[in-house]
Amino acid sequence: MTDDANKMWGGRFAAGPDAIMEAINASIGYDQRLAPQDIRGSRAHAAMLAAQGILTDKDAEVIREGLLTILSEIESGDFAFSTALEDIHMNVEARLKEIIGEPAGRLHTGRSRNDQVATDFRLWVRDQCDAAISGIEALQKALLGQAEAGADWVMPGFTHLQTAQPVTWGHHMLAYVEMLGRDASRFADARARMNECPLGAAALAGTSFPIDRDATAEALGFDRPMANSLDAVADRDFALEFLTASSLCAMHLSRLAEELVIWSSAQFRFVTMSDRFSTGSSIMPQKKNPDAAELVRAKIGRILGATVGLFTVMKGLPLAYSKDMQEDKEQVFDAADNLMLSLAAMEGMVADMSGNPEALRAAASSGFSTATDLADWLVREAGLPFRDAHHVTGSLVALAEAEGKDLPDLTLDQMKSAHDALTEGVFDVLGVDNSVKSRTSYGGTAPQRVREQIARWKERLA
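Thresholds applied
Residues numbered from 1 in each chain as written. Predicted model: local features only at pLDDT ≥ 70, side-chain atom pairs only at ≥ 80, totals over all residues. Heavy atoms only, no water. Helix = DSSP H or I, 4+ residues; strand = E, 2+ residues; numbered from the N terminus. Buried < 20%, exposed > 50% of the residue type's maximum accessible area, 1.4 Å probe, protein only. Contact = heavy atoms within 4.5 Å. Areas by Shrake-Rupley, 256 points an atom, 1.4 Å probe, with all protein chains shown as cover. Core = buried A, V, L, I, M, F, W, Y, C linked by side-chain atoms within 4.5 Å. Expected span 1.5 Å × (residues − 1). Axes fitted to C-alpha atoms, helices over the stretch in contact; angles between N-to-C directions. Parallel < 35°, antiparallel > 145°, perpendicular 65-115°, else oblique. Left-handed = near helix turned anticlockwise from the far one by under 90°. Nonpolar A, V, L, I, M, F, W, Y, C, P; charged D, E, K, R; others polar. Patch = residues over 30% accessible without salt bridge, like charges linked within 9 Å, V, L, I, M, F, W, Y side chains within 5 Å. Salt bridge = Lys/Arg side-chain N within 4 Å of Asp/Glu carboxyl O. Pairing = 2+ DSSP bridges.

## Some thoughts on the overall build of the protein chain
For step 1, the next point in the chain: When its secondary structure is counted, the protein chain shows 19 helices and six strands.
For step 2, the next point in the chain: When its C-alpha atoms are laid out on the principal axes, the protein chain stretches across 100 × 50 × 40 Å.
For step 3, the next point in the chain: Relative to its 462 residues, the protein chain shows a buried fraction of 49%.
For step 4, the next point in the chain: Put simply, 74% of the contacts in the protein chain that link residues at least 6 apart link residues at least 24 apart.
For step 5, the next point in the chain: Carbon and sulfur atoms provide 52% of the accessible area of the protein chain, an area that totals close to 21,400 Å².

Printed below as a string of structure tokens:
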């Protein structure tokens, strides 16, 4: 055990921890990812200390230069991280002392590792919210491209994965644009809420030094300092909100991925996935597997697992800081990495895939998909109560099924066998094109409504 490990705890301990304690206590293996945020926070803190006369300008300048040297070493891969020094904060401070000597020890004036890590982590998660929003918007634009190309392609809409009513391809793509829009808004809301600065809360009670917390908050791009020092070091709501938003987004990606898996199958043939996002089989030469979609479909497991994991860590902790909170970062890092990978993969898949309008139309024209249109016609043209119209339509579906036909293939006499009010005009609503064109209510599947929504989203994402 090095002397450095003992020195960082001052004179409290006569002997260093053994190897097992060092292994369980160290976080540098993963929190080194916080190095840019840690150095940024330290630079802001040093500048504030100098402005307040707590540090000399000379010390502040050598600290600033030393921190920039360390950042350069880390970025170039030349920095030697030490598990004996526990975490990113002590690794940076120890290296700073090697570079500039005694002034390095003054940097920690008026702060603690408790508010330091809370600040670093909050900065990192804030950046990840921005990255997630950018990734979501890129995927939305890919979906809008598909929606525009197939604004009037007819396809089956499903409930229970059974043919329900005809919809347009563009309308289906826009459903995911809307879902992802909510995801982006959740990340934006979380970002706005987390944009308060813990720095200056020190260990838990604040500090007696005349620090300027507004100055450090402003320097780090926060809206304001956090108002309660206990809450500042104890809070991980920002990470939980990020994980919750990530889980919802990953769930939406998983639903879209599932549809791509189904649609690209030989049984559906709705889409052809590009070779860039497919793999073959080691034994079956005919196979083209949608592996990227399947992996995106699975990512919700680890992202939701991270969310549950951090909730479980935090649920019973008393104020203010406990070492349990060291378990907050790995799962957030993993969830963020996998969300960004999933968004990028899905954007690529959606942008590259080719819809098959013929297969979509054929599927939309089967399964009695215009039965609801027939019932609506009976209500609108013959004045039947909807429940009666529903019953008449159901009997015609049964007749068509027994005849091995679809509804438009029945004769007018067969139609009238169910109800005398049926006329030749009913055939005008039984085609899938007429069906989708008639759904003109706001948010409906009619091509004109689809194009209006595409225009709205294009303007919003411009």
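After that view of the structure, there is still more to cover.
## Quick notes on the nonpolar core
For step 1, the next point in the chain: Residues Phe187, Met346 and Met349 are the most contacted members of the largest nonpolar core, which totals 95 residues.
For step 2, the next point in the chain: By residue number, the principal contributor to this core is helix α11 (residues 237-263), which donates 15 residues.
For step 3, the next point in the chain: Phe368, Ala371, Leu374 and Leu378 belong to the second-largest nonpolar core, a separate cluster that totals 19 residues.

## Quick word on helix α15 (residues 371-382)
For step 1, the next point in the chain: The first and last C-alpha atoms of α15 sit 16 Å apart over twelve residues, in line with the 16 Å expected at 1.5 Å per residue.
For step 2, the next point in the chain: Taken as a whole, α15 has its buried residues at Ala371, Asp373, Leu374, Ala375, Trp377 and Leu378.
For step 3, the next point in the chain: Those residues of α15 that are buried lie in contact with α16 (386-403), α17 (412-416) and α18 (432-438).
For step 4, the next point in the chain: One or two steps after α15, the chain reaches Gly383, where phi turns positive at roughly 75°.

## Notes on the packing of helix α7 (residues 113-149) against helix α8 (residues 169-194)
For step 1, the next point in the chain: Running from amino to carboxyl end, α7 crosses α8 at an angle of 165°, the nearest separation of the two axes being 9 Å. By the angle class used here, α7 and α8 are roughly antiparallel. Once α7 is placed against α8, the crossing between them reads as left-handed.
For step 2, the next point in the chain: For the contact of α7 with α8, the residue count by class is 19 nonpolar, four polar and five charged.

## Regarding a nonpolar patch on the surface
For step 1, the next point in the chain: A grouping of Leu204, Leu230 and Leu319 is seen on the molecular surface, where their side chains present a nonpolar patch of about 270 Å² in accessible area.
For step 2, the next point in the chain: Mapped onto the secondary structure, Leu319 falls in the loop between α12 (291-314) and α13 (329-352).
For step 3, the next point in the chain: Residue Leu319 is classed as exposed on the basis of its relative accessible area, which comes to 64%.

## Some words on unusual backbone geometry
For step 1, the next point in the chain: Residues Leu319 and Ala320 are joined by a peptide bond in cis, for which omega reads 10°.
For step 2, the next point in the chain: Here Ala320 lies in the loop between α12 and α13.
For step 3, the next point in the chain: Of note in the backbone geometry, His160 takes a positive phi value of approximately 60° without being a glycine.
For step 4, the next point in the chain: By relative accessible area, which is 76% here, His160 ends up exposed.

## Observations regarding the pairing of strand β1 (residues 154-159)
For step 1, the next point in the chain: For β1 and strand β2 (residues 162-168), the ladder comprises six bridges, and the chain directions are antiparallel. Counterpart to Thr159 in the pairing with β2 is Gln162.

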